[in-house]
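Spelled out from the first residue to the last, the chains are:
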Amino acid sequence: MTAPARTDLARRERLSADELLVAADELAALLADVVDGGSSLGFLAPLDRTAAADWWRGLAPAVAQARLAVWAARDAERITGTVSLGFTDKPNGRHRAEILKLMVHRSARGQGLARTLLATAERAAAEAGVTLLILDTETGSPAESLYRTGGWTAAGVIPDYATDPAHQYRSAARYA
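To start, this report covers the structure provided alongside it. (Residues numbered from 1 in each chain as written. Predicted model: local features only at pLDDT ≥ 70, side-chain atom pairs only at ≥ 80, totals over all residues. Heavy atoms only, no water.)

1. What to know about the sheet that holds strand β6 (residues 154–163)
As summarised here, the arrangement of the seven strands in space is β1-β2-β3-β4-β5-β7-β6, forming an open sheet in which the pairing is mixed. Single-partner strands in this sheet number two, and they are β1 (11–15) and β6. Averaged over all pairs of adjacent strands, the angle between strand axes in this sheet comes to 25 degrees, irrespective of strand direction. Pairing between β1 and strand β2 (residues 68–74): five bridges, direction antiparallel. By the bridge assignment, Glu-13 is partnered in β2 with Ala-72. (Pairing = 2+ DSSP bridges. Helix = DSSP H or I, 4+ residues; strand = E, 2+ residues; numbered from the N terminus. Axes fitted to C-alpha atoms, helices over the stretch in contact; angles between N-to-C directions.)

This is the structure:
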């Protein structure tokens, strides 16, 4: 019997603005899966796929202007994960960037894809001269464990920062 293909070896690519527009519906399906699974990414359940695709399309100008970098991981069938890196346009903050929207399809979890995507964004940030990365995540979430075990430093907790997809207030942990 052949071992199943590891998702963390899935093809990863940085998307151009045009590629983002083409992939918006696939990215919307991923986003809907993650939100429906209870992950807090700034959206509420149930997430309308059209609204999710429009949100992704709305990022294209920032990608075209190099203010945002977006990577997608694909298996043979679909986009299974994504991560974004947001660059600041403030003159005094060009040394920092923010990890945004790291998400993995529920069917692809537990195979190292989140770590691989995070490492991809971290490497790209370093190559761009970024010396400080920040992010936030729901306190107590599996994502928080990923960041803690990945060497990120907790910088504080903001109580009742946002609601989760089920409309419950949740705290957010900030990491650097």
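2. Considerations on unusual backbone geometry
Cis peptide bonds are those with omega within 30 degrees of zero, and the linkage from Ala-45 to Pro-46 qualifies with -5 degrees. Among the structural elements, Pro-46 can be located in the loop between α1 (17–36) and α2 (49–57). Its identity as a non-glycine residue notwithstanding, Ala-66 has a phi of 60 degrees, on the positive side. Note on placement: Ala-66 falls in the loop between α3 (60–64) and β2. The phi angle at His-167 is positive, at roughly 75 degrees, despite the residue not being glycine. Here His-167 falls in the partly exposed class, since its relative accessible area comes to 46%. (Buried < 20%, exposed > 50% of the residue type's maximum accessible area, 1.4 Å probe, protein only.)

3. Thoughts on the pattern of salt bridges
Scanning the model with the defined rule gives 12 salt bridges in all. Arg-148 is the salt-bridge partner of Glu-144, the closest N and O atoms lying 3.8 Å from each other. In this pair, Glu-144 and Arg-148 are both assigned in helix α5 (residues 142–149), four residues apart and thus about one turn of the helix distant. Taking relative accessible area as the criterion, Glu-144 reaches 8% and is therefore assigned buried. (Salt bridge = Lys/Arg side-chain N within 4 Å of Asp/Glu carboxyl O.)

4. Focus on the packing of α1 against α2
Here α1 crosses α2 at 130 degrees, and the two axes come no closer than 8 Å. Of the possible angle classes, the one that applies to α1 and α2 is oblique. Considering the relative orientation of α1 and α2, their crossing is right-handed. Each of Leu-20, Leu-21, Ala-24, Asp-25, Leu-27, Ala-28, Ala-29, Leu-31 and Ala-32 in α1 lies in contact with α2, whose residues at this interface are Arg-49, Ala-52, Ala-53, Trp-55, Trp-56 and Arg-57. When its residues are assigned to classes, the contact of α1 with α2 shows 12 nonpolar, no polar and three charged. (Parallel < 35°, antiparallel > 145°, perpendicular 65-115°, else oblique. Left-handed = near helix turned anticlockwise from the far one by under 90°. Contact = heavy atoms within 4.5 Å. Nonpolar A, V, L, I, M, F, W, Y, C, P; charged D, E, K, R; others polar.)

5. Some thoughts on the pairing of strand β7 (residues 169–175)
Note: strand β5 (residues 132–138) against β7, four bridges, orientation antiparallel. Residue pairing in the sheet places Asp-136 in a bridge with Arg-174 of β7. Inspection of the sheet shows β6 paired to β7 by six bridges, in the antiparallel sense. Across the sheet, Ile-158 pairs through a bridge with Ala-172, a residue of β7. As consecutive antiparallel partners, β6 and β7 are separated by five residues, and within that stretch His-167 has a phi angle of approximately 75 degrees, a positive value.

6. Regarding α1
For α1, which comprises 20 residues, the first-to-last C-alpha distance of 26 Å matches the rise-based estimate of 28 Å (1.5 Å per residue) to within 8%. The largest bend in α1 is about 60 degrees, located at Ala-23. Taken together, the buried positions of α1 are occupied by Ala-17, Leu-20, Ala-23, Ala-24, Leu-27, Ala-28, Leu-30, Leu-31, Ala-32, Asp-33, Val-34 and Val-35. Just beyond α1, the residue with positive phi is Gly-38, at close to 100 degrees. (Expected span 1.5 Å × (residues − 1). Bend = angle between axes of the 7 residues up to and from the residue.)

7. Structural notes on the nonpolar core
If you look at the biggest cluster of nonpolar residues, it comprises 27 residues, and the most contacted ones within it are Leu-20, Leu-27, Leu-31, Leu-47, Trp-56, Val-70 and Met-103. At 11 residues, α1 tops the list of elements feeding residues into this core. Among all residues touching Trp-56, those that are not within four sequence positions of it are Leu-20, Ala-24, Leu-27, Ala-28, Leu-31, Val-70, Thr-82 and Met-103. Among the nonpolar cores identified, the runner-up in size contains 24 residues, and Val-83, Ile-99, Ala-124 and Leu-146 belong to it. (Core = buried A, V, L, I, M, F, W, Y, C linked by side-chain atoms within 4.5 Å.)

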